[in-house]
Amino acid sequence: MIPFLDLKAVNQQYQTELKEACSRVIDSGWYVLGKEVAEFEKEFATYCETEYCLGVANGLDALVLILRAYMELGIIAKGDEVIVPSNTYIASILAISENGLTPVLVEPDIKTFNLDPVLIEAAITEKTKAILTVHLYGQVTAMDEINSIAKKHHLKVIEDCAQAHGAIYTNKKGQSKKVGSLGDAAGFSFYPGKNLGALGDGGAVTTNDSELANTIAALRNYGSHEKYKNLYKGMNSRLDEIQAAMLRVKLRYLDKEIIARQTVAQAYLKGINNPLIELPLVENINAHVWHLFVIKTTQRDKLASYLTDNSVQSLIHYPTPPHQQDAYQEWKNASFPISEEIHQQVLSIPISPVISQDEVDVVISVVNDFS
Ligand SMILES: *Cc1c(COP(=O)(O)O)cnc(C)c1O
């Protein structure tokens, strides 16, 4: 079986360095929010080209904390609306409802799977305060368009970068910037399977807004900057030293891994030519870091079982659209046809920094033989 993602092999590439880093933390005697976290925050801020980075417990919390901080700063209030793509992973939406805010679903562009800027303005009301855009599957959203709509309507732009660490956006002026620096604030996940994965849970917020960063620094730690002085009703959402140490090792290899993923993606894009299968649209080669390689077909379930029969593992991202989840009864009668089509037709095939050229060739020929 060609595995969808061999996580053990991914981490074994760096096992000597990971074990050294692990020992360093054990020997330090300090395990939560310490020197490793502070160093990782500096290194990841530099990587993302932002002023600030704050390590937190996971990607969901990163997004929850950004919105919570805007609420503490009086920029967003309970009951306000946040625009979010209707086909995202549910965590982006949970971050909004967790704060007593209303998620407003906007359909994606069927070709890029990302928020369709053309549809955003129709969803804006007096209560809209932010756009939470998601660089889904690893491809950057149309940020020029989103930022200009946000500017016109005085909205905050929050990036969900959980799938897009290191993706580079080139704006209309030809300037290139990394995700995490393209809006007002960004949330990252370091869940083990993400492109920059810890060996457990982890997350981060990046921003150039000093007030926001300062507020989140307190909110992640019981609402406190100073021990036993609580400014806010905060959370406990901290990054462990051990995970920060793992991430510092893996961050050094992130760009190399992105290139490996892009090489696999190029091979698929060149090699797969089955008329039953629609390949993902790539607008700019640097703007996609291929967390997932997602193909579309009207015969998705048949293709999935055919791939299993031919020893190629595949997964569906995601089988059920958020508005049809039991958790969100308020959307029980809502219809998001683009999202529904995506959820019925997408299939993710193996991609990772450790898949071999031979395995890639097998995937291509198996997919091309599907009829
Ligand atoms: C993984 C993911 C999250 C949540 O990250 P966790 O670290 O698992 O909490 C949020 N948004 C998207 C798009 C994700 O893929």
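No experiment lies behind these values; they were computed from the predicted model shown. (Residues numbered from 1 in each chain as written. Predicted model: local features only at pLDDT ≥ 70, side-chain atom pairs only at ≥ 80, totals over all residues. Heavy atoms only, no water.)

Enquirer: Is there a simple way to think about the packing of aromatic side chains in this case?
Expert: How two aromatic rings sit relative to each other is set out by the distance from centre to centre and by the angle between their planes. One pass over the full model with this rule turns up 12 aromatic pairs. Geometrically, the ring pair formed by Tyr 14 and Tyr 253 is stacked, given 4.4 Å between the ring centres and 15° between the ring planes. Linking Tyr 14 in the loop between helix 1 (7-12) and helix 2 (15-28) with Tyr 253 in the loop between helix 9 (241-251) and helix 10 (254-271), this pair joins segments that are 239 residues apart in sequence. A relative accessible area of 3% places Tyr 14 in the buried class. For the pair Phe 40 and Phe 44, a centre-to-centre distance of 5.4 Å together with 15° between the ring planes defines the contact as stacked. (Phe/Tyr/Trp six-rings, centres within 6.5 Å; stacked < 30°, edge-to-face > 60°. Helix = DSSP H or I, 4+ residues; strand = E, 2+ residues; numbered from the N terminus. Buried < 20%, exposed > 50% of the residue type's maximum accessible area, 1.4 Å probe, protein only.)

Enquirer: Just checking my understanding: could you explain the pairing of strand 4 (residues 128-134) for this structure?
Expert: Looking along a regular strand, one sees side chains alternate from face to face of the sheet. Along strand 4, 6 of the 7 residues are buried, which leaves the element largely enclosed by surrounding structure. Pairing of strand 2 (residues 81-85) with strand 4 involves 3 bridges; the strand directions are parallel. The residue bridging Glu 81 from the neighbouring strand is Thr 128, located in strand 4. Here strand 4 pairs with strand 5 (residues 156-160) via 5 bridges, running parallel. If you follow Thr 133 over to strand 5, its bridge partner there is Glu 159. In terms of handedness, the path from strand 4 via helix 7 (residues 143-153) over to strand 5 forms a crossover that is right-handed. (Pairing = 2+ DSSP bridges. Right-handed = clockwise from strand over helix to strand, strands pointing away.)

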